[in-house]
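Examination of the molecular architecture
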Amino acid sequence: MLERRMSHDDLIDHLVRSTPLQRGEAARVVLDVLAYFDETTETFVRRRHRELQSGGLTNAEIFERISTELPHRAVAPPELSLRQLRRIVYG
């Protein structure tokens, strides 16, 4: 993690100059954004399922929502059927 932080010093410096963030906060934001975009399709599906389930949605609603969100990811995965999404979550 330290290696990644150092390789993004210019971005961290820019955030410190252009926002009210302190250096440590800016570094955490950069690392959080990088972690978000490093997330695999499977990890994203499982995470979103947990989040939406805790929000009270039914599985039918959850898998429809995830299905509509996937194409809008930074690197969109191939289209997955609702059955494939269920298999990611439940095996």
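See the structure above.
Residues numbered from 1 in each chain as written. Predicted model: local features only at pLDDT ≥ 70, side-chain atom pairs only at ≥ 80, totals over all residues. Heavy atoms only, no water.

Moving on, we get to helix α5 (residues 59-69). Among the residues making up α5, those that are buried are Ile-62, Phe-63 and Ile-66. Each buried residue of α5 lies within a common arc of 90° when the element is viewed along its axis, so the set occupies one face. Buried residues along α5 sit against α4 (41-54) and α6 (82-90). (Buried < 20%, exposed > 50% of the residue type's maximum accessible area, 1.4 Å probe, protein only. Helix = DSSP H or I, 4+ residues; strand = E, 2+ residues; numbered from the N terminus. Arc of directions from axis to C-beta. Contact = heavy atoms within 4.5 Å.)

Once that is clear, we can look at the packing of α4 against α5. At a minimum axis separation of 10 Å, α4 and α5 run at an interaxial angle of 135°. When the axes of α4 and α5 are compared, the pair comes out oblique. Seen from above, α4 lies across α5 with right-handed handedness. Contact with α4, carried on its side by Phe-44, Val-45, Arg-48, His-49, Leu-52 and Gln-53, involves Asn-59, Ile-62, Phe-63, Arg-65, Ile-66 and Glu-69 of α5 and no other residues of that element. (Axes fitted to C-alpha atoms, helices over the stretch in contact; angles between N-to-C directions. Parallel < 35°, antiparallel > 145°, perpendicular 65-115°, else oblique. Left-handed = near helix turned anticlockwise from the far one by under 90°.)

Let us look at the packing of aromatic side chains. Under the criterion given, the structure shown has one aromatic pair. With a centroid separation of 5.2 Å and an interplanar angle of 80°, the aromatic rings of Tyr-36 and Phe-37 are classed as edge-to-face. By relative accessible area, Tyr-36 is classed as partly exposed at 38%. The cationic tip of Arg-73 hangs over the ring face of Tyr-36; the distance from NZ or CZ to the ring centre is 4.7 Å. (Phe/Tyr/Trp six-rings, centres within 6.5 Å; stacked < 30°, edge-to-face > 60°. Lys NZ or Arg CZ within 6 Å of the ring centre and 35° of its normal.)

Coordinates in, geometry out; function isn't part of it.
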